Amino acid sequence: RGVVHRDLKPENILYDSTEDDATLKLADFGLADVLNPESMLIATCGTPTYIAPEIIALTNPKSKSEGYDTKVDMWSLGVILYILICGFPPFHADDDSALFKVIQHADYEFVEPYWNDASEEVKDLISKLLVVDPAKRLSAEEALQHPWLKGDFPHKDVHLASSIQNLKGYNARRRLKGAVRALAAARKLKLISGKSGTLAK
């Protein structure tokens, strides 16, 4: 429908009930926009872990990027699928600046032993979604024709118990890292305000 969500992540994919056959729904269209066929989108937004390289490129004044289209959502779906299989994201770094560099080079791997039992088909689909050049990245229509998505569900690749456990561990580490950063920032602010007070006296 020409809608670019721009913030696809597991937290925004919800079941509408607790039934086994519940419908999946996409939530939080606060950053979404409608793509004009004659122009590209140029706003820099999204959640760092899931953001596409072409959005990051717009933050570089020297970039020749003309903007982006619906392919940014396909990148995010590649990240989500990676997480669903192993429980942690393909790209990680100590801060957003380093993370963006990793993303722009699509620097990821199928880490052992978490990917040892995964099929070559699911790895192939992810590899075709996490492509830096959006022109070479699968569109939604092309992804739906991929053998892994056309196969029988549920796939043996999705080991929910182990993936959920890995995801919980990743989220715990992420929250801890966030708390440490907040504490460091608060301490730095206290030091700065202390110095300002000294200068004022």
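Values in this document were obtained by computation on a predicted structure and should not be read as measured data.

Student: Honestly, helix α3 (residues 96-104) in this entry has me stumped. Any pointers?
Tutor: Counting along an α-helix, one turn takes 3.6 residues, and residues three or four places apart therefore face a common direction. When α3 is considered as a whole, its buried residues turn out to be Leu99, Val102 and Ile103. The buried residues of α3 all sit within an arc of 100 degrees when viewed along its axis, so they share a single face. Looking at the packing, one finds that the buried side of α3 touches α1 (53-57) and α2 (71-86). Residue Ala106 follows α3 closely and has a positive phi angle near 45 degrees.

Student: Help me understand the confidence of the model for the protein, please; the structure alone is not making it clear to me.
Tutor: In low-pLDDT regions, the fine details of the predicted coordinates are not to be read closely. On average, the protein scores 84 in pLDDT, and the residues at 70 or more come to 77%. Mean pLDDT across the elements of the protein bottoms out in helix α7 (residues 160-200) (60) and peaks in helix α4 (residues 120-129) (96).

Student: Help me out: how do you make sense of the nonpolar core in this one?
Tutor: Within soluble globular proteins, side chains that are nonpolar generally end up buried alongside one another. Ranked by size, the top nonpolar core spans 37 residues in total, and within it Trp75, Phe91, Trp115, Val122 and Ile126 carry the most contacts. In terms of residues, this core owes the most to one element, α2, which gives 10 residues. The contacts of Trp115, once residues within four sequence positions are left out, are Tyr82, Ile85, Cys86, Phe110, Val122, Lys123 and Ile126.

Student: For this particular structure, what's the right way to read empty space enclosed by the protein?
Tutor: To find leftover empty space, one rolls a probe the size of a water molecule over the atoms. Summed over all chains, the structure comprises one cavity of 30 Å³ or more. What the largest cavity holds in volume is close to 30 Å³. Taken together, Arg6, Cys45, Gly46, Tyr50, Ile51, Ala52, Ile55, Val72 and Ser76 form the lining of the largest cavity. Among the residues forming the lining of the largest cavity, the class breakdown is six nonpolar, two polar and one charged.

Student: Any chance you could explain unusual backbone geometry here in plain terms?
Tutor: Cis geometry marks the peptide bond from Glu112 to Pro113, where omega comes out at 0 degrees. Tracing the chain through its elements places Pro113 in the loop between α3 and α4. In this model, Asp28 sits at a positive phi of 60 degrees, which is unusual for a non-glycine residue. With respect to the helices and strands, the residue Asp28 is situated in the loop between β3 (24-26) and β4 (33-34). Take Asp28: its relative accessible area is 43%, and that puts it in the partly exposed class.

Student: Which parts of the structure should I look at to understand the side chain of Asn12?
Tutor: Among the secondary structure elements, Asn12 is positioned in the loop between β1 (3-4) and β2 (13-15). On the basis of relative accessibility, which here comes to 6%, the residue Asn12 falls in the buried class. Among the polar contacts listed, one links the side chain of Asn12 to the backbone oxygen of Asp7, at a separation of 2.9 Å. Not counting the four nearest positions on each side in its chain, Asn12 is found in contact with His5, Asp7, Lys25, Leu26, Ala27 and Asp28.

Basis of the calculations
- Residues numbered from 1 in each chain as written.
- Predicted model: local features only at pLDDT ≥ 70, side-chain atom pairs only at ≥ 80, totals over all residues.
- Heavy atoms only, no water.
- Buried < 20%, exposed > 50% of the residue type's maximum accessible area, 1.4 Å probe, protein only.
- Helix = DSSP H or I, 4+ residues; strand = E, 2+ residues; numbered from the N terminus.
- Arc of directions from axis to C-beta.
- Contact = heavy atoms within 4.5 Å.
- pLDDT = per-residue confidence, 0-100.
- Core = buried A, V, L, I, M, F, W, Y, C linked by side-chain atoms within 4.5 Å.
- 1 Å grid on protein atoms, 1.4 Å probe; cavity = no way out; pocket = protein on both sides within 12 Å on 5 of 7 lines; lining within 4 Å.
- Points joined across faces, edges and corners; volume = space filled by probe spheres on them.
- Nonpolar A, V, L, I, M, F, W, Y, C, P; charged D, E, K, R; others polar.
- Polar contact = N/O pair within 3.5 Å; in protein donor to acceptor, adjacent residues only side chain to side chain.

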